[in-house]
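Each chain is listed here by its residues.
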Amino acid sequence: MAEAAAGRFAERGVDFWQRLKEEMNAAAPSLGIDKIGVASAEPFRELKERLVRRRELGRDSGFEEPDLDKRTDPSRVFPDARSIIAVAVAYPAKLSGAPVSVPGARRGIFSRSAWGEDYHRVVGRRLERLAGWLAERVPETRTMAMTDTGALVDRAVAERAGIGWSGKNCSIITLEFGSWVYLGELITNLPLPPDRPIEDACGSCTRCLEACPTGALVGPGELDSRRCISWLTQSKDAVDEQLMEKMGNRLYGCDTCQVVCPYNRGKDARHHEELLPDPEVVKPLLRPLLAMGNREFKEKFGHGAGAWRGRKPIQRNALIALGHFRDRESVPDVVRVLRDDPRPALRTTAAWALGKIGGSEAEAALREAAAGDAEPKVRAAAERALVRLARTKPSPRSGEAGKPAAGEEQE
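Summarised in this report is the structure supplied together with it.

Parameters and conventions
- Residues numbered from 1 in each chain as written.
- Predicted model: local features only at pLDDT ≥ 70, side-chain atom pairs only at ≥ 80, totals over all residues.
- Heavy atoms only, no water.
- Disulfide = S-S within 2.5 Å.
- Buried < 20%, exposed > 50% of the residue type's maximum accessible area, 1.4 Å probe, protein only.
- Helix = DSSP H or I, 4+ residues; strand = E, 2+ residues; numbered from the N terminus.
- 1 Å grid on protein atoms, 1.4 Å probe; cavity = no way out; pocket = protein on both sides within 12 Å on 5 of 7 lines; lining within 4 Å.
- Points joined across faces, edges and corners; volume = space filled by probe spheres on them.
- Salt bridge = Lys/Arg side-chain N within 4 Å of Asp/Glu carboxyl O.
- Expected span 1.5 Å × (residues − 1).
- Arc of directions from axis to C-beta.
- Contact = heavy atoms within 4.5 Å.

**Quick notes on the state of the cysteines**
- Tallying each qualifying case throughout the model produces zero disulfides.
- Residue Cys-212 stays outside any disulfide, its sulfur separated by 6.5 Å from that of Cys-228, the closest cysteine.
- Among the residues examined, Cys-212 registers a relative accessible area of 15% and is labelled buried.

**So, unusual backbone geometry**
- Despite not being glycine, Cys-170 has its phi angle at roughly 70°, a positive value.
- The topology assignment puts Cys-170 in the loop between strand E5 (165-166) and strand E6 (172-173).

**Brief notes about the layout of surface pockets**
- Each pocket or cavity is described by its volume, and for the second largest pocket that value is around 160 Å³.
- Of all the secondary-structure elements, those providing two or more residues to the lining of the second largest pocket are helix H16 (344-357) and helix H18 (376-391).
- For the lining of the second largest pocket, the element with the highest residue contribution is H16, accounting for three residues.

**Examining the pattern of salt bridges**
- A complete count under the given rule lists 27 salt bridges for this structure.
- A salt bridge links Asp-60 to Arg-55; the shortest N-O distance between them is 3.2 Å.
- Residue classification places Asp-60 among the buried residues on the basis of a relative accessible area of 14%.
- Classification of Arg-55 by relative accessible area gives partly exposed; the value is 37%.

**So, helix H2 (residues 14-27)**
- The end-to-end C-alpha separation of H2 is 20 Å, in line with the 20 Å expected for 14 residues at 1.5 Å each.
- All of the buried residues along H2 are Trp-17, Leu-20, Lys-21, Met-24 and Ala-27. The arc that holds every buried residue of H2, seen down its axis, measures 125°, which confines them to one face. For H2, the exposed residues set more than 90 degrees away from the buried face come down to Val-14, Asp-15 and Ala-26.

**As for the environment of Ser-111**
- You can see Ser-111 is positioned in the loop between strand E3 (109-110) and helix H5 (119-137).
- As a C-alpha pair, Ser-111 and Val-157 span 46 residues in sequence and 24 Å in three-dimensional space.
- Look past the residues within four positions of Ser-111 in its chain and what remains in contact with it is Tyr-252, Gly-253, Cys-254 and Asp-255.

Put into structure tokens, the structure is as follows:
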């Protein structure tokens, strides 16, 4: 079947495929696609070398496809691959009507990639439309759609297809929308003529490297995923205390390396309605999160990309944020987590937060946990928190919460 299709494709001639590509580019806006490009389906050999080195250095996130051949050779996941159509969908960067975070009613923040409807579904629908558009014109069309969770590296495909260049912050940067774009691709059996990559325009700028709160950007285009705050917010275990100090009030993701990028200045794409954020959802109150059950969590956050790991990481991150805010009014809520929550990772984090907030009620709860919690890691965390409390001055009075950690992102 594949050989027969290839024969029919050859009969159509080069001009046919060039015209089809031009028509596809013209149709992209009507399909909800902001940028579109075509890459060859040749193996990404240089990428494979970088991925091997990255794995050897222990910098993988653990969320990727483990088979490096599948990540770098399109034919391993789609045997008839002739070309790859890369797409970009721009998303908002400004939060209109953002609620204010105040003492006693502190708020966390979801990164821009988690605003609006889950981008996997949004981009997926657009790829389905594009596949249907192609099939109407070429019935022999075969495609495989991917966005983020597929085997291929979206950024590598987008770079080869000329969507943008790969910035030092490991994001694809477009001239039109900066790096505020979601990426996806269609691997196809169609022999479409490829586009050319565009020139890297980062130059000598190193703002993203300098701004990274944890030093996760270990070099231009080199990310240590396990230190990246975005990865930390999605992990499910207790976070190293040195790294918690850098997380601020981030509940999901981190935008710092993109916020400081000069190419993102003034960019705010708001033309995709399903990607517009609800301020109360993307900047929610922290204290209610601690007692939120699974059903309520899914009802409020389940439509967005930030819910894919469940409520546990978000609740842990809410504890970290309350610790940074030194929010005295939240102490009873945090104490309940330390005493009653069945999850050791949350109790460990609650102990750290109470050590940051301080006060007699926090100290009493920590002494109780240090002496009687069934989990050794929780007892150890409570003991460390007590040591810190003994070394610090009394915390501010209720209502005079201390400043959150550097790098906190309030919209």
